[in-house]
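Coordinate inspection notes
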Amino acid sequence: MKDFDEFRSWIEIDKRFLKGCKKLLFDKDYLWIKDEKLLSSVFVFYYTYYHFGIEFLLEKAEEANYPPWRKNTIIQLINLCQDIVHEMNMEFYEENIFTWIDDIQVQNIIRDYSPITEDSIKEYIMSDNTNLLLKAKTIGYMITTINYLSEKTAFAQYFFVGGLGLLMGRTFEELFSFISLNNPTLYKYLLYIKKYISKGFHASGFFDEYDSNEDFDNDPFYDGDPLYYIHRNFFHVKTPKVILADNEISWKFVTFLNGELQIYNPKHPEGQGKYKPFYFKNQKSIKAFNQIKDYIINKLPPIKAVFQDDIIVGIEPSSIESINDTLDVLKRHTENVAHISEDIHKSEREKLLKHEYTQSEVRNYINNKKSEFLDSLCQLHLDDYKIYYCLENRVNSDLIMAEEDAFIFTIATADKETLLAYENTEENRATYLFICDSKDLEMSVRSLADYFSSGLVNKRETLGNKIKYGKITGIKKLIKITHSDEWLREIKSEQYKIY
């Protein structure tokens with residue numbers, strides 16, 4: 001951070017921009033906001049001095065050997081920064097910058113380090129490293145924010161020189177060098193910083209007038225112009241590979257066990273000899289996480305381990321909270337159904353079954369799913385009967401649960417028997433036809449919905465035996481029809497048997 005300069009930067013702006021007006025008054029009615037020069041000068045003061053702290057600035061203003069009129073102006077500006085200007089700046093970020101920075105964590109860090117300047121970026125670079133990918137992303141967006149502000153009238157006086165530095169690349173190279181010298185671990189993530197600088201420029205509209213096929217690297221027109229530094233370096237940026245520090249371990253080397261994590265040494269991933277895996281106790285861990293980790297491990301921060309002679313001997317305390325957060329994320333993608341209350345299931349099912357759909361509503365739903373099977377069942381459904389919605393809980397032997405939508409149609413009925421069709425909205429799920437007693441129709445529908453939305457494991461595989469031994473109330477027979485070219489013919493054949 002720059003040293004405090006006794007308000008000399010402001011005085012130079014005052015002399016040059018406001019011509020040292022002795023009657024300068026930033027009135028409490030805030031009429032100065034409508035004056036472009038006064039508004040710009042307020043933001044110059046805010047961006048130059050706010051980070052030093054209000055109490056410090058007021059103390060320095062009292063100590064300064066300035067004429068009363070100048071000291072009074074400075075005190076007015078300090079109080080404005082505290083009372084309204086910081087809030088105005090935050091509102092500007094909300095309305096103009098956070099619309100293209102959609103990461104809540106990044107937004108919160110930018111709020112904490114505002115106003116965003118080269119100095120505040122350097123302060124953040126020097127802060128403790130936690131999640132380096134998040135830090136790289138935030139720095140990339142901070143740098144883009146500076147460029148964005150340099151083009152806005154109210155900020156132009158402060159950012160003008162810096163804006164030229166950005167366009168010609170000096171600011172970028174200085175910040176990259178600063179990272180290299182002051183945070184070498186973060187410097188390994190330089191490609192990620194550049195990636196998010198590029199995303200920021202594209203999202204903020206900087207490249208809107210350029211074609212995606214534009215070649216800034218090989219076109220001599222662009223290559224010879226120093227003002228095209230940003231275009232050459234950030235219009236096209238390849239997605240970088242993750243570069244881990246020596247003590248960081250990717251989650252691909254982790255196997256989940258019940259009650260503990262099995263962490264393999266990346267240098268010896270087979271765990272042979274003395275390089276056996278390290279076991280980290282954590283009751284949140286379950287084997288089921290292994291089934292889904294491949295879908296999200298690229299988004300997870302690496303584990304920081306303690307090594308001794310290339311052997312993992314522990315986990316760094318700073319990484320334990322991150323591990324717990326990761327296990328919480330994985331838990332949200334799975335559900336151990338053994339711990340779900342049956343009473344809760346029943347109340348939820350009762351609520352779902354009360355939601356009955358008309359053929360029109362189901363067809364609207366089908367338009368989104370684009371299922372020819374659902375569409376056909378809608379046409380076969382008898383208008384005098386309700387279409388029921390069911391939430392099917394698919395639970396495999398590893399207790400991985402997935403929730404899928406399904407509907408129960410009534411497609412044929414006679415004096416004694418009724419034919420129900422159960423159809424899941426997923427294309428690769430077979431259709432089930434059920435024959436029940438007509439007098440028990442509503443009870444049979446509820447019984448089916450109870451069964452499919454329950455926490456039982458491998459429900460479809462055991463459905464036949466459940467019906468055979470009378471475990472599903474009211475259902476007399478099951479017919480399974482796979483999705484094939486013969487599907488509709490088979491459905492109609494069973495339909496005619498009822499009539």
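Structure shown above.
**So, the overall build of the protein**
When helices and strands are tallied, the protein shows 21 helices and 12 strands. In the protein, which comprises 499 residues, the share counted as buried stands at 49%. In the protein, of all internal contacts separated by at least 6 residues, the share reaching a separation of at least 24 is 65%. As displayed, the protein offers around 26,500 Å² of accessible surface, 48% of which is attributable to carbon and sulfur atoms.

**As for the sheet that holds strand 4 (residues 278-281)**
An order of 2-3-4 is seen for the three strands of this open sheet, with the pairing classed as antiparallel. The strands lining the two open edges of the sheet, one partner per strand, are strand 2 (254-257) and strand 4. Strand-to-strand twist in this sheet, taken as the mean axis angle between neighbours without regard to direction, amounts to 25°.

**A look at the pairing of strand 5 (residues 303-308)**
The pairing of strand 1 (residues 248-249) with strand 5 spans two bridges and is antiparallel. Bridge pairing in strand 5 places Glu-248 opposite Lys-304. The pairing of strand 5 with strand 6 (residues 311-315) spans four bridges and is classified as antiparallel. In the sheet register, Phe-307 faces strand 6, and the bridge partner there is Ile-312.

**Regarding the environment of Phe-4**
Tracing the sequence through the fold places Phe-4 in the segment before helix 1 (8-18). Residue Phe-4 is classed as buried on the basis of its relative accessible area of 15%. In sequence terms Phe-4 and Tyr-49 are 45 residues apart; their C-alpha atoms lie 7.9 Å from each other. Apart from residues no more than four positions distant in its own chain, Phe-4 is found in contact with Tyr-49, Phe-52, Phe-56, Leu-57 and Lys-60.

**Some remarks on the packing of helix 18 (residues 372-380) against helix 21 (residues 487-498)**
Between helix 18 and helix 21, the shortest axis-to-axis distance is 11 Å and the interhelical angle comes to 25°. Here helix 21 runs roughly parallel to helix 18, going by the angle between their axes. The element helix 18 and its partner helix 21 pack so that their crossing is right-handed. Residues Phe-373, Ser-376, Leu-377 and Leu-380 of helix 18 lie in contact with helix 21, whose contacting residues are Trp-487, Leu-488, Ile-491, Lys-492 and Gln-495. Its residues assigned to classes, the contact of helix 18 with helix 21 shows six nonpolar, two polar and one charged.

**Some words on the pattern of salt bridges**
Under the criterion given, the structure shown has 12 salt bridges. Two residues, Glu-260 and Lys-281, come together in a salt bridge whose shortest N-O distance is 3.2 Å. Placement of the pair is Glu-260 in strand 3 (residues 260-263) and Lys-281 in strand 4, with a sequence separation of 21 residues. Taking relative accessible area as the criterion, Glu-260 reaches 16% and is therefore assigned buried. With relative accessibility at 61%, the residue Lys-281 sits in the exposed group. Among the salt bridges present, the one from Lys-439 reaches Asp-440, with a minimum N-O distance of 3.3 Å. Classification of Lys-439 as exposed rests on a relative accessible area of 71%. Its relative accessible area of 19% is what places Asp-440 among the buried residues. Within this structure, Glu-417, Asp-437 and Lys-476 form a network of salt bridges that share partners.

Reading the values: rules and limits
Residues numbered from 1 in each chain as written. Predicted model: local features only at pLDDT ≥ 70, side-chain atom pairs only at ≥ 80, totals over all residues. Heavy atoms only, no water. Helix = DSSP H or I, 4+ residues; strand = E, 2+ residues; numbered from the N terminus. Buried < 20%, exposed > 50% of the residue type's maximum accessible area, 1.4 Å probe, protein only. Contact = heavy atoms within 4.5 Å. Areas by Shrake-Rupley, 256 points an atom, 1.4 Å probe, with all protein chains shown as cover. Pairing = 2+ DSSP bridges. Axes fitted to C-alpha atoms, helices over the stretch in contact; angles between N-to-C directions. Parallel < 35°, antiparallel > 145°, perpendicular 65-115°, else oblique. Left-handed = near helix turned anticlockwise from the far one by under 90°. Nonpolar A, V, L, I, M, F, W, Y, C, P; charged D, E, K, R; others polar. Salt bridge = Lys/Arg side-chain N within 4 Å of Asp/Glu carboxyl O.

Geometric values such as these leave the question of function open.
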